[in-house]
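A closer look at the structure
Take a look at the letters that make up each chain.
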Amino acid sequence: MSLRGILLVISSFFLLAGCQTSPPVVQAETVPAQMESVSIMEPTAPIPTSKPLPPAKDLWERIRRELTWQDIHNGQIGKARDHLLAQHDYLPVVSKRAEIYLYYIVEEVERRGLPMEIALLPLVESTLNPFAYSSQHAAGLWQIIPSTAKHLGVQRNWWYDGRKDLRESTRIALDYLEALHAQFDDDWLLALAAYNGGKGRVGRARAANESKGRPTNYWALDLPRETEKYVPKLIALTAIIAYADGLGVNIPPVPNSPAFEVADTGGQIEMLRAADLAGMELKALRAYNPGQIRWATAPKQAQELLVPIGIGPRFAEGIAQLTPDDRVTWEHYRIQRGDSLIRIARKFDTDVGLLREVNNVRGNMIRAGDTMMIPRGSGWAGSLALATDNAERVKKGYRVRRGDSLYVIAGKFNVSIDEIISWNSLDERKYLQPGQRLTLYVSEG
């Protein structure tokens, strides 16, 4: 039986099984004929159970119990589902990242009383990669663009980008989604379309339909291609997670428990030193704190870092033993006539590259009389790697080689498969060909 057939059978079973206990199902508004509608329903409340289930040990199971959109289906959703199922590495990759990020997101969605499907949105937006960066300069788990970040008051500066921070970006994204939900008549599908394509665009599409006497629900609107695929992809993902067993999908389990605790740093600290105090690799500490985008923590943000559960006491003990010389301190140096970056770096036992980065100097040109900030600390050399890894993305051409796949290329350049598809307007149904040229946006360095 085809995957579509399996889903229809499962959907029918759940509809029949729930008819004795669930409230009446509200049918969706009329959908254009070309969509080949198959039992389309609006999201409904969860079906009540006779007795409470024991707490789920697997986070996916906890999510599964709260999903309510899995029985919405049409041709667009079917295509999105088939595409996701064809990406055999997608859910294993996402599950690995989910070990750090997803529990917190689920907790916040539940705390606000939002549909559990909203917790899956970062899987669609960024494949749960907080370092994801789009050609439109959207960043983070929730893919927030700079203009939206400014409008919503997201904190961003030279040291820190709240769009990449798990807690800050989740707070802002959920606030924004709730506002869109209220603005678009408490319709979550329209709110999601506005989150992706812009509320102005969705509003204009609704007004155009209304002026022609047409329905104004999501499925009836004339929207950009990306937005038309966006909501179906989320609903398709919901169905796959809800009916994983019936579809033969193995989703690696994720612990249904907190992944991190908040550790006080007591002041600005080099990320490399913090990783050492926590007994972690620098890359691992970065994964917990993607909003910290430089070699040291942001001096004007909360003086804290996220660390894995159980690491807090060890980290606190190490912090307590730091001396002032172990901290990041700053010296303001007035550039003298005849100075050069190399001469200043030698004078202060630091690195030319670090001086360039901290003072935003391009090339070697400096001017006598200007003031230069000199970071003082013992761990700056190794910390340079962090600054390089966190640099903004730059455009890069790539020629496909024999044996390449989207998964291989995404792993090689630390980007997502969806990003590569979006940047190059690829047809996901076609294989890459040796010699094919791709455009990537990768970190400098």
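What counts and what doesn't
- Residues numbered from 1 in each chain as written.
- Predicted model: local features only at pLDDT ≥ 70, side-chain atom pairs only at ≥ 80, totals over all residues.
- Heavy atoms only, no water.
- Helix = DSSP H or I, 4+ residues; strand = E, 2+ residues; numbered from the N terminus.
- Buried < 20%, exposed > 50% of the residue type's maximum accessible area, 1.4 Å probe, protein only.
- Contact = heavy atoms within 4.5 Å.
- Areas by Shrake-Rupley, 256 points an atom, 1.4 Å probe, with all protein chains shown as cover.
- Salt bridge = Lys/Arg side-chain N within 4 Å of Asp/Glu carboxyl O.
- Axes fitted to C-alpha atoms, helices over the stretch in contact; angles between N-to-C directions.
- Parallel < 35°, antiparallel > 145°, perpendicular 65-115°, else oblique.
- Left-handed = near helix turned anticlockwise from the far one by under 90°.
- Phe/Tyr/Trp six-rings, centres within 6.5 Å; stacked < 30°, edge-to-face > 60°.
- pLDDT = per-residue confidence, 0-100.

**Focus on the overall build of the protein**
- Regarding its fold elements, the protein presents 18 helices and 6 strands.
- Within the protein, the fraction of its 445 residues that count as buried is 52%.
- Long-range contacts, defined as pairs at least 24 residues apart, comprise 69% of the intrachain contacts of the protein with a sequence gap of at least 6.
- Carbon together with sulfur atoms contributes 51% to the accessible area of the protein, which is approximately 22,200 Å² in total.

**Points about the pattern of salt bridges**
- In this structure the tally under the stated criterion is 16 salt bridges.
- A salt bridge links E61 to R65; its shortest N-O distance comes to 3.2 Å. With E61 and R65 both in helix 2 (residues 59-66) and 4 residues apart, this pair spans about one turn of that helix.
- Residue E61 is classed as partly exposed on the basis of its relative accessible area of 27%.
- Given the relative accessible area of 32%, R65 is considered partly exposed.
- Notably, a salt bridge pairs R167 with E304, separated by 2.8 Å at the nearest N-O pair. With R167 in helix 7 (residues 166-183) and E304 in strand 2 (residues 304-308), this residue pair connects regions lying 137 residues apart in the sequence.
- Where salt bridges share partners, they join R112, E168, R171, D175 and E178 into one cluster.

**Some details on the packing of helix 8 (residues 188-197) against helix 10 (residues 225-242)**
- Their axes nearest at 9 Å, the elements helix 8 and helix 10 cross at an angle of 130°. When the interaxial angle is binned, helix 8 and helix 10 end up oblique. At the point where helix 8 passes helix 10, the crossing takes the right-handed sense. Touching L189, L192, A193, Y195, N196 and G197 of helix 8 are E226, T227, Y230, V231, L234 and I235, all from helix 10.

**Structural notes on the packing of aromatic side chains**
- This structure, assessed with the given rule, holds 6 aromatic pairs.
- The interplanar angle of 45° and the centroid separation of 5.9 Å between the aromatic rings of Y104 and F260 together place this pair among those described as tilted. One end of the pair, Y104, is in helix 4 (residues 90-111); the other, F260, is in strand 1 (residues 260-264), and 156 residues separate them in sequence.
- Ring plane angle 75° and centroid distance 4.9 Å describe the contact between Y218 and W219, whose orientation is recorded as edge-to-face. The burial state of Y218 is the same as that of W219; both residues are buried.

**Side note on the confidence of the model for the protein**
- Per-residue confidence for the protein gives a mean pLDDT of 84; residues scoring 70 or more make up 83%.
- Taken together, the stretch residues 6-42 has pLDDT below 50 and engages in 59 contacts with residues farther than four places along the chain or on a different chain.
- Across residues 381-391, confidence stays below pLDDT 50; counting only partners more than four residues off in sequence or on other chains, it has 25 contacts.

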